[in-house]
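# Residue-level structure breakdown
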Amino acid sequence: MKKFCSLCNRNLIDIKEKYCNSCKAKIGIRHSIYKKDRKDTKEQKFYSSKDWIRVRNIIRGLDNNLCLMCLNKNELNNSGTIHHIKELKEDWSKRFEKDNLISLCESCHQKIHRKYLMSKEEKLKVQHDLRVLIEKYRE
């Protein structure tokens, strides 16, 4: 069986794979540069924890492994990321709360973080909009 690559959503790959070869190469380079300069070791350890992986998989199931922002635009894209609406650095206690976690494709995830940087007001608006999507699409 085949499916679309979780990142580019264009190339067909084996059902057991997550990314096409082209995206694997891009991710590997980007990820190694990104990880090298990170200072937030507490957060990085968290993202490798069994508890996070379990909760992340639960959220993917709740969101049918779809990006809820794309779904809201009548587009179907796989979720590549589970996003913390209220970021870990802002409120560590919300790291496992289902209403603080949303499935997003990588493109939407990057858009969200760019909006977060625009202003505090924009960030609060986006956070509200993401919570509305959770209410709309989760039972």
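Above this text sits the structure in question.
These numbers were taken from a predicted model, which means no experiment stands behind them.

### Let's talk about the overall build of the protein chain
Per the secondary structure count, the protein chain includes six helices and four strands. Shown N-terminal to C-terminal, the secondary structure of the protein chain runs as helices and strands in the order β-β-α-α-α-α-β-β-α-α. Going through the 139 residues of the protein chain one by one, you find that 32% of them count as buried. Counted over contacts in the protein chain with a minimum sequence separation of 6, partners at least 24 positions apart contribute 53%. Working note: accessible area of the protein chain is about 9,300 Å², and carbon and sulfur atoms make up 53% of it.

### Re a positive patch on the surface
A contiguous patch of positive charge, built from K73, K111, R114 and K115, is present on the exposed surface. When you line up the elements, K111 lands in helix α5 (residues 106-118). Residue K111 is classed as partly exposed on the basis of its relative accessible area, which comes to 34%.

### A short note on helix α3 (residues 50-62)
The end-to-end C-alpha distance of α3 is 19 Å, a good match for the 18 Å that 13 residues give at a rise of 1.5 Å each. Taken together, the buried positions of α3 are W52, V55, I59 and R60. Summarising the axial view, the buried residues of α3 lie within an arc of 145°, below the 170-degree limit, and thus occupy one face. Here the buried face of α3 lies against α2 (41-47), β3 (81-84) and β4 (101-104).

So, how was this worked out
Residues numbered from 1 in each chain as written. Predicted model: local features only at pLDDT ≥ 70, side-chain atom pairs only at ≥ 80, totals over all residues. Heavy atoms only, no water. Helix = DSSP H or I, 4+ residues; strand = E, 2+ residues; numbered from the N terminus. Buried < 20%, exposed > 50% of the residue type's maximum accessible area, 1.4 Å probe, protein only. Contact = heavy atoms within 4.5 Å. Areas by Shrake-Rupley, 256 points an atom, 1.4 Å probe, with all protein chains shown as cover. Patch = residues over 30% accessible without salt bridge, like charges linked within 9 Å, V, L, I, M, F, W, Y side chains within 5 Å. Salt bridge = Lys/Arg side-chain N within 4 Å of Asp/Glu carboxyl O. Lys, Arg positive; Asp, Glu negative; His and termini not counted. Charge placed at Lys NZ, Arg CZ, Asp CG, Glu CD. Expected span 1.5 Å × (residues − 1). Arc of directions from axis to C-beta.

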